Amino acid sequence: QVQLVESGGGLVQAGGSLRLSCAASGRMLSINVMGWDRQAPGKQRELVARIISGGSTNYADSVKGRFTISRDNAKNTLYLQMNNLKPEDTGVYYCKSVSSYGENWGQGTQVTVSS
């Protein structure tokens, strides 16, 4: 199994920036994909960004050009740099890993963007 702990959420004004971090531990070598999902109030959880083990990345159309996902393998940490935040980015952000043992999720971190 993989354990994931997010940090870095908070309250920010529209146009501001935040950086989320996800510290991972456990069966790290088994991980194929890591990413960030988010869930806004009353909405389904959606993919924000993900990074494949080879380094390729995918982003939701709504965050392209504003968010950047990265991974520091030496620190076993996943990041999400979020710039030019918008009120519609508000939600709980979850770190996720996909490995040969299945999917694992962190507890989530709240991001609130005020207009």
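Model, not experiment: these values are computed from the prediction.

A.B. asks: Tell me about the nonpolar core, and please be specific about residues and values.
C.D. replies: Membership of the largest hydrophobic core comes to 26 residues, with the highest contact counts inside it found for Met-34, Trp-36, Leu-80, Met-82 and Tyr-93. Where this core is concerned, the elements lending two or more residues are strand S1 (2-7), strand S3 (18-26), strand S4 (31-39), strand S5 (46-52), strand S7 (67-72), strand S8 (77-82), strand S9 (91-99) and strand S11 (109-114). Take this core: its biggest share by element is 4 residues, from S3.

A.B. asks: Quick one: what's the story with the state of the cysteines, residue by residue and with numbers?
C.D. replies: What the rule picks out here adds up to 1 disulfide. Disulfide pairing places Cys-22 opposite Cys-95 at an S-S distance of 2.0 Å. Between Cys-22 and Cys-95 the disulfide shows an S-S torsion of about -80 degrees. By sign, it is left-handed. Linking Cys-22 in strand S3 with Cys-95 in strand S9, this pair joins segments that are 73 residues apart in sequence. On the accessibility criterion, Cys-95 (0% relative accessible area) is buried.

A.B. asks: Go over the layout of surface pockets with me, naming the residues and quoting the values.
C.D. replies: Take a probe with the size of a water molecule and roll it over the atoms, and the empty space left behind shows itself. In this structure, the largest pocket occupies an estimated 160 Å³ of space. Lining the largest pocket are Met-28, Leu-29, Ile-31, Ile-51, Ile-52, Ser-53, Gly-55, Arg-71, Asn-73 and Asn-76. For the lining of the largest pocket, the residue count by class is 5 nonpolar, 4 polar and 1 charged.

A.B. asks: Outline the pairing of S9, supporting the account with residue identities and numerical values.
C.D. replies: Where burial is concerned, most of S9 is hidden: 7 out of the 9 residues are buried. Across 4 bridges, S9 lies against strand S10 (residues 102-105) in antiparallel orientation. Bridge assignment links Val-98 to a residue of S10, and that residue is Glu-103. What sits between the antiparallel neighbours S9 and S10 is a turn of 2 residues.

A.B. asks: Go over the pattern of salt bridges with me, naming the residues and quoting the values.
C.D. replies: A complete count under the given rule lists 5 salt bridges for this structure. Close ionic contact of Asp-89 with Arg-38 constitutes a salt bridge, the shortest N to O distance being 2.9 Å. Of the two residues, Asp-89 sits in the loop between S8 and S9 while Arg-38 sits in strand S4, which places them 51 residues apart along the sequence. Residue classification places Asp-89 among the buried positions, given a relative accessible area of 0%. Of the residues examined, Arg-38 reaches a relative accessible area of 5% and is grouped as buried. A salt bridge links Lys-96 to Glu-103, with the nearest nitrogen and oxygen atoms 3.5 Å apart. Accessibility expressed as a relative area gives 48% for Glu-103, which makes it partly exposed. Among the charged side chains, a salt-bridge network with shared partners connects Arg-38, Glu-46, Arg-66 and Asp-89.

A.B. asks: Please give an account of the packing of aromatic side chains that cites residues and values.
C.D. replies: The tally for this structure, following the rule as stated, stands at 0 aromatic pairs. Seen from the ring of Tyr-94, Arg-45 lies directly overhead, with NZ or CZ sitting 3.7 Å from the centre. For Arg-45, the ring lying beneath its charged end belongs to Trp-105, and the centroid distance is 4.7 Å.

Parameters and conventions
- Residues numbered from 1 in each chain as written.
- Predicted model: local features only at pLDDT ≥ 70, side-chain atom pairs only at ≥ 80, totals over all residues.
- Heavy atoms only, no water.
- Core = buried A, V, L, I, M, F, W, Y, C linked by side-chain atoms within 4.5 Å.
- Buried < 20%, exposed > 50% of the residue type's maximum accessible area, 1.4 Å probe, protein only.
- Helix = DSSP H or I, 4+ residues; strand = E, 2+ residues; numbered from the N terminus.
- Disulfide = S-S within 2.5 Å.
- 1 Å grid on protein atoms, 1.4 Å probe; cavity = no way out; pocket = protein on both sides within 12 Å on 5 of 7 lines; lining within 4 Å.
- Points joined across faces, edges and corners; volume = space filled by probe spheres on them.
- Nonpolar A, V, L, I, M, F, W, Y, C, P; charged D, E, K, R; others polar.
- Pairing = 2+ DSSP bridges.
- Salt bridge = Lys/Arg side-chain N within 4 Å of Asp/Glu carboxyl O.
- Phe/Tyr/Trp six-rings, centres within 6.5 Å; stacked < 30°, edge-to-face > 60°.
- Lys NZ or Arg CZ within 6 Å of the ring centre and 35° of its normal.

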